[in-house]
Structures are given as structure tokens and as C-alpha cells.
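This is what each chain is made of:
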Amino acid sequence: MLGHLIRKEILEHILGLRFLILSGIGAVVIWLSLYSGYAYYRDSLKDYRLAEVATETRMRQMMDADRMVANPYTSWQEINTPHYLIHKPPTSMCIFIRGLEPNLSRSAPGQWTGLRTKMSPAATEPILGFFPPLDLGRMVQVVLSLFVLLFTYDAICGEKESGTLRLVSSFSVSKDRLLLGKFFGALIPILAAFGLPLAAGVGVVLLMPEVQLSDPELMRLGWILIAFGLYLTAFTCAGLFVSSVAHRSATSFALLLAFWVVTIAVVPRLSLIVAEGFRPAPSYQEYQAEKFRIDKERADIDRALRREWSDRHEGWWETPEGQEARHLNYGKIMVKAHEQVKPQLDRLEERFNNQYNARKELAVTLGRFSPAFALKHAAVRLSGTGLDRQRRFEAAYERHKKRDLAWWQKTAILDFLRRAHPAKYGEPRWDISDMPRFVFQEAWSEEEVRATLVDIGILAIWGLVFFAGAYVGMLGYDVR
């Protein structure tokens with residue numbers, strides 16, 4: 001009997017005009033979003049390759065800086081001019097989940113400089129903000145979930161209004177079997193209608209020559225597809241639940257539309273507002289202002305120590321030994337000034353990170369009361385288009401800046417000493433072959449996958465909760 005009920009529900013869905021229209025629109029939306037993601041990745045990859053060519057060109061120019069300028073002392077000015085950028089390599093996973101990538105920085109000055117500018121696609125082309133991206137994750141989260149509710153809002157109450165529910169109940173069909181028939185009869189066509197075009201689109205994308213997914217990335221893509229399936233299953237159960245407690249299709253549709261708005265838009269934003277109220281964190285501007293104050297204090301200490309040394313060594317500039325002593329001691333003074341303010345910087349960094357992370361964790365915990373947020377949080381982390389990969393890139397960038405600054409100071413001082421005291425340090429020569437180069441090693445952490453299993457589990461729990469509600473509602477449902 002259960003098999004007949006499932007077959008009946010499937011046939012009613014796939015032969016209905018509503019199913020044909022929504023499944024057709026869903027397939028077009030899926031394919032367009034995949035094409036948009038592929039175009040975005042292709043453009044990002046093109047920018048990255050151009051940046052790599054610019055880096056190599058700039059490095060060759062700096063190798064020949066002593067021949068490019070007439071005065072050898074200006075070679076260091078040439079080498080310290082940030083004429084090129086380094087880029088974060090794009091990930092193929094942004095084809096499927098755009099995440100935060102358009103708003104995160106992916107370009108920064110490629111050499112040591114006072115500039116700290118980092119550019120994102122949204123910053124370089126702000127007009128793109130007027131054209132929302134066709135992101136596959138966003139389409140599943142918003143569009144396909146609405147389509148699922150349109151499939152299921154009248155699954156039970158609609159049949160009551162038409163009188164067919166009373167007719168089916170006259171065949172001694174238990175209500176739990178009737179609910180299972182409704183569930184599988186709706187879920188199978190839904191997953192087929194959206195899963196088949198999704199699988200076909202993903203297969204075509206993976207055949208593209210620019211798309212090279214590693215084994216960890218393929219595993220993550222599989223988890224994302226599982227999360228999509230659980231999310232649509234949860235909304236299928238939500239539609240059955242409301243349809244089993246409402247007695248009119250119009251009432252069921254209104255309740256499900258309100259649920260859709262709340263879970264998509266209200267709860268995620270409200271969770272951040274609540275977290276800010278209970279666990280406030282300083283703004284980035286406040287953090288930078290305090291950091292600037294500490295840096296100014298370091299500069300004052302540095303100037304005072306330099307002035308004190310110059311006062312004790314009058315006439316240092318008159319001999320090579322004096323010039324040598326001045327440069328060697330200035331390096332020690334810089335280290336000493338930095339060590340005096342380092343405890344303040346460490347406390348500031350720790351306090352800011354602790355407060356920021358506490359607010360974020362509370363917001364994420366509250367946001368998980370929305371299946372839509374749980375899906376987005378899992379998909380963004382799995383795709384590497386969120387803060388995790390960005391932090392790895394910025395950490396590699398900061399390490400590069402420190403290496404580059406240390407190299408620049410050491411090499412520039414050695415060059416000066418060679419010019420001031422060639423008998424001791426050797427003849428001046430231009431050799432920057434050991435200049436540090438930026439390297440970003442992609443690392444897909446298994447810990448991130450394990451962390452996202454919490455969100456995937458929450459999606460499964462939401463489906464079970466809604467199905468249990470539908471079961472309870474069906475047991476007490478008046479089929480007359």
C-alpha cells in the first residue's frame with residue numbers, strides 16, 4: 001500500500017503544471033548560477049596569472065635596478081617602490097559557492113612599504129554591488145527552498161479541500177503511512193527535479209580545462225551537495241508540517257511564506273544584533289586607532305634613543321667607523337623600541353580577537369536556529385570562500401612582509417657599510433637574488449570539514465523536527 005501511495009504522489013507531482021514550471025525554472029537557475037560561478041572563477045584566474053607575470057617582470061627590473069638609474073644610491077628607492085601586487089590564488093570552489101570572496105581582499109602591495117592597502121573585487125568595482133551574483137549556494141538557500149514550499153504547502157490540506165483525502169482514508173490507510181507516502185512522494189520528485197540538473201551542471205563544470213579540483217576539494221564538494229539535499233529535505237518536512245496543521249491551503253501558504261522570510265532574512269541578522277548587544281566588540285576603527293597610538297609611542301622611543309646616542313657620539317659622521325657604529329646601533333635601537341611596546345600590542349591583539357571571536361561564536365550559535373544560516377555557514381566553510389582561507393592567506397602575507405622588511409633592512413645597511421667602509425665589508429655590489437618571494441601554500445584542513453559536520457547535523461535535526469511535527473499533526477488531523 002505504501003508503494004502505491006508513493007507512486008500516486010509522484011505521478012501527481014510530475015504530471016502537474018506547477019511541477020513542470022518550477023522544475024524548469026529551477027534547472028535554468030542552477031545552470032545560470034554555475035555558469036556565473038565559472039565566469040567569476042575564470043576572470044579571477046586571469047587576474048591572478050596577470051599578477052604573476054607582473055611580479056616576474058618587476059623582479060627582473062629590480063635585479064637590474066643599478067643599470068636602470070644613473071645614481072646607484074637611488075637603486076634602493078627603485079626597489080622600495082611598490083610597482084606590483086601579489087594576489088591570493090583563486091579557488092575552484094568559488095564556482096559553486098561565492099561566499100565572501102567578492103568582499104575579501106585578494107591583492108596587496110608586493111614589497112615592503114608603508115602602504116597597507118589590500119584590494120577586493122568589491123572595492124575595485126563597486127558598481128558590481130548593484131548586480132547581485134548568481135551564486136549556486138544562494139540560489140539553493142533562497143530560490144529552491146521557496147520552490148519546495150510551493151510544492152508542499154497544500155500536500156495535505158489541499159487534498160482535504162478537494163475531498164480526495166477523505167477518499168484515500170476510506171481504504172483503511174493508516175495516517176502514518178499516508179504521511180510517509182506524502183513525504184517520499186514529494187521528496188523524490190523534488191530531489192530529482194533539482195538534483196539531476198545540478199549533477200549535470202557540476203559534471204560539465206568539472207570537465208572545463210581551467211577547473212582542477214584536488215581530492216580534498218572533491219570531498220568538500222560532495223559534503224556541500226549533501227548539505228543541499230538535507231536542506232531541501234528539511235523544507236519538504238516543513239511544508240508537510242504546516243500543511244498537516246492548517247485546514248486551508250491559503251492559510252498554509254501564508255504560514256510557510258512567513259516561515260521562509262523569517263528563516264532566510266530575519267533570524268540570521270537578528271542573531272548578529274543580539275550577539276552585539278550581549279557580547280559587544282570594539283570596531284576595527286577603534287582597534288586601528290589604539291594600534292596607531294602604540295606605534296606612535298614606539299616611534300617616540302626610537303627617536304629619543306637615537307637622539308641620545310647621537311648626543312653621546314658627536315662627530316660620528318666624520319669617520320667610516322662612526323658611520324658604521326651609527327647604523328649598527330640604530331638597528332639595535334629599533335629592536336629595543338619595538339620590544340618596549342610589544343606587550344601593549346600583544347594585549348591589544350588578544351583583547352580584540354577574544355571579544356570579536358566571542359561575539360562571532362554567539363552570533364553563529366543563534367543563527368543556527370535558521371536552517372538557511374546553517375546551510376550557508378557550512379557551504380562557505382567547506383568551499384574555502386570565507387574567513388578561514390582568507391586568514392591563512394593574510395598570515396602568509398604577514399610572514400612575507402616581516403621577511404621582506406628584515407631582508408631590506410639587513411641588505412640596505414650592508415650596502416651602506418660597504419660604501420662607507422669597503423676595506424672591512426668589501427666592495428659595493430648589487431645583488432638581490434636572495435630577496436624573499438611570496439608563496440601561498442594551499443592547505444585544506446580536515447578540521448574545517450569536521451567543524452562543518454555540526455551544521456550538516458543541524459540541518460538533519462531540523463528535518464527530523466519538522467517531520468515529527470508533521471507526524472503529530474497528522475495523527476490528530478481531521479480528514480473530513
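Structure: see above.
Read on for a plain summary of the structure. (Residues numbered from 1 in each chain as written. Predicted model: local features only at pLDDT ≥ 70, side-chain atom pairs only at ≥ 80, totals over all residues. Heavy atoms only, no water.)

## Topic: the overall build of the protein
Stage number 1. Assigned secondary structure in the protein consists of 17 helices and two strands.
Stage number 2. Counting all 480 residues of the protein, 44% fall into the buried class.
Stage number 3. Across the protein, contacts joining residues at least 24 apart in sequence account for 85% of those joining residues at least 6 apart.
Stage number 4. In the form shown here, the protein has an accessible surface area of approximately 24900 Å², with 63% of it arising from carbon and sulfur atoms. (Helix = DSSP H or I, 4+ residues; strand = E, 2+ residues; numbered from the N terminus. Buried < 20%, exposed > 50% of the residue type's maximum accessible area, 1.4 Å probe, protein only. Contact = heavy atoms within 4.5 Å. Areas by Shrake-Rupley, 256 points an atom, 1.4 Å probe, with all protein chains shown as cover.)

## Focus: the environment of Phe19
Stage number 1. With respect to the helices and strands, Phe19 occurs in helix H2 (residues 17–63).
Stage number 2. Expressed as a C-alpha distance, the spacing of Phe19 and Ile190, which sit 171 residues apart in the sequence, is 8.9 Å.
Stage number 3. When near neighbours in sequence (up to four residues on either side) are disregarded, Phe19 contacts His13, Ile14, Phe151, Pro189 and Ala193.

## Regarding the packing of helix H1 (residues 2–14) against helix H9 (residues 175–206)
Each packed pair of helices is defined by two parameters, the angle between the axes and the distance between the axes.
Stage number 1. Put simply, H1 and H9 touch, their axes get as near as 8 Å, and they point 40 degrees apart. Taken together, the axis directions place H1 and H9 in an arrangement best described as oblique. Considering only the axes of H1 and H9, their crossing is right-handed. Where H1 abuts H9, its residues Leu2, Leu5, Ile6, Glu9, Ile10, His13 and Ile14 lie against Arg177, Leu178, Leu180, Gly181, Lys182, Phe184, Gly185, Ala186, Ile188 and Pro189.
Stage number 2. The residue inventory of the contact of H1 with H9, partitioned by class, reads eleven nonpolar, three polar and three charged. (Axes fitted to C-alpha atoms, helices over the stretch in contact; angles between N-to-C directions. Parallel < 35°, antiparallel > 145°, perpendicular 65-115°, else oblique. Left-handed = near helix turned anticlockwise from the far one by under 90°. Nonpolar A, V, L, I, M, F, W, Y, C, P; charged D, E, K, R; others polar.)

## Quick word on the pattern of salt bridges
Two side chains bearing opposite charge may form a pair once their charged atoms approach each other closely.
Stage number 1. Applying the stated rule across the entire model yields 18 salt bridges.
Stage number 2. For Lys88, the salt bridge is made with Glu101, and the minimal N-O distance between the two is 3.1 Å. With Lys88 in the loop between strand S1 (85–87) and strand S2 (107–109) and Glu101 in the loop between S1 and S2, this pair connects stretches of sequence that are 13 residues apart. Here Lys88 matches Glu101 in class, with each residue buried. (Salt bridge = Lys/Arg side-chain N within 4 Å of Asp/Glu carboxyl O.)

## Re the side chain of Asp154
Stage number 1. Positionally, Asp154 belongs in the loop between helix H6 (136–152) and helix H7 (157–162).
Stage number 2. A distance of 3.3 Å separates a polar atom in the side chain of Asp154 from a polar atom in the side chain of Arg18. (Polar contact = N/O pair within 3.5 Å; in protein donor to acceptor, adjacent residues only side chain to side chain.)

## What about empty space enclosed by the protein?
Stage number 1. Scanning the model with the defined rule gives two cavities of 30 Å³ or more in all.
Stage number 2. Contributing to the lining of the largest cavity are Tyr40, Ser44, Tyr48, His87, Lys88, Pro90, Cys94, Glu101 and Arg106.
Stage number 3. For the lining of the largest cavity, a count of residues per class yields four nonpolar, two polar and three charged.
Stage number 4. For the second largest cavity, the calculated volume is near 40 Å³.
Stage number 5. Lining the second largest cavity are Leu146, Leu149, Leu150, Tyr153, Phe253, Leu256, Leu257 and Trp260.
Stage number 6. Of all elements in the fold, only H6 and helix H11 (249–278) reach the threshold of two or more residues within the lining of the second largest cavity.
Stage number 7. By residue number, the principal contributor to the lining of the second largest cavity is H11, which donates four residues.
Stage number 8. In the lining of the second largest cavity, the residues fall into eight nonpolar, no polar and no charged. (1 Å grid on protein atoms, 1.4 Å probe; cavity = no way out; pocket = protein on both sides within 12 Å on 5 of 7 lines; lining within 4 Å. Points joined across faces, edges and corners; volume = space filled by probe spheres on them.)

## Here's the deal with the environment of Arg437
Stage number 1. Tracing the backbone shows Arg437 in the loop between helix H16 (422–425) and helix H17 (446–475).
Stage number 2. Classification of Arg437 as partly exposed rests on a relative accessible area of 35%.
Stage number 3. Once the C-alpha coordinates of Arg437 and His400 are considered, the two residues, 37 residues apart in sequence, prove to be 7.4 Å apart.
Stage number 4. Those residues in contact with Arg437 that sit more than four places away from it in its chain are Thr55, Glu56, Met59, His400 and Arg403.

## Quick notes on the nonpolar core
Stage number 1. Judged by nonpolar contacts, the single largest core of 68 residues is most densely connected at Phe96, Leu136, Val140, Phe194, Phe228 and Tyr231.
Stage number 2. If you list the elements that add at least two residues to this core, you get H2, H6, H9, helix H10 (215–245), H11, helix H14 (371–383) and H17.
Stage number 3. The greatest single-element share of this core, amounting to twelve residues, is contributed by H10.
Stage number 4. Those residues within four positions of Tyr231 in sequence are excluded, and the remaining contacts are Val140, Gln141, Ser145, Ile264, Pro371, Ala372, Leu375 and Leu459.
Stage number 5. Trp309, Val341, Leu348 and Phe352 belong to the second-largest nonpolar core, a separate cluster that totals twelve residues. (Core = buried A, V, L, I, M, F, W, Y, C linked by side-chain atoms within 4.5 Å.)

## Here's the deal with the packing of aromatic side chains
Stage number 1. Inspection of every chain in the model, using the stated rule, returns 15 aromatic pairs.
Stage number 2. Here a set of aromatic residues connected by ring pairs shows up, and it is made of Tyr231, Phe235, Phe241, Phe259, Trp462 and Phe466.
Stage number 3. Against the face of Tyr40 rests Arg98, its NZ or CZ located 4.7 Å from the ring centre. (Phe/Tyr/Trp six-rings, centres within 6.5 Å; stacked < 30°, edge-to-face > 60°. Lys NZ or Arg CZ within 6 Å of the ring centre and 35° of its normal.)

## Digging into the side chain of Ser92
Stage number 1. Along the chain, Ser92 falls in the loop between S1 and S2.
Stage number 2. Accessibility expressed as a relative area gives 5% for Ser92, which makes it buried.
Stage number 3. There is a polar contact of 3.2 Å between the side chain of Ser92 and the side chain of Tyr41.

## Quick word on the packing of H10 against H11
Stage number 1. As a packed pair, H10 and H11 sit with axes 9 Å apart at the nearest point and diverge in direction by 145 degrees. Judged by the twist between their axes, the crossing of H10 over H11 is right-handed. Between H10, through Tyr231, Phe235, Ala238, Gly239, Val242 and Ser243, and H11, the contact on the second element is made entirely by Ser252, Leu255, Leu256, Phe259, Trp260, Thr263 and Ile264.
Stage number 2. Residues that form the contact of H10 with H11 fall into these classes: nine nonpolar, four polar and no charged.

## As for the environment of Ser310
Stage number 1. With respect to the element layout, Ser310 can be found in helix H12 (residues 284–312).
Stage number 2. Overall, the relative accessible area of 22% leaves Ser310 in the partly exposed class.
Stage number 3. In this structure the C-alpha to C-alpha distance between Ser310 and Arg326, which are 16 residues apart in sequence, comes to 8.1 Å.
Stage number 4. When near neighbours in sequence (up to four residues on either side) are disregarded, Ser310 contacts Trp316 and Tyr330.

## A closer look at a nonpolar patch on the surface
Stage number 1. There is a patch of nonpolar side chains on the surface, built from Phe253, Leu257, Val261, Val262, Val266, Leu270, Ile273, Val274 and Phe278 and spanning about 750 Å² of accessible area.
Stage number 2. Along the chain, Ile273 falls in helix H11.
Stage number 3. Since its relative accessible area comes to 52%, Ile273 is described here as exposed. (Patch = residues over 30% accessible without salt bridge, like charges linked within 9 Å, V, L, I, M, F, W, Y side chains within 5 Å.)

Without other data, these values stay purely geometric and don't point to any function.
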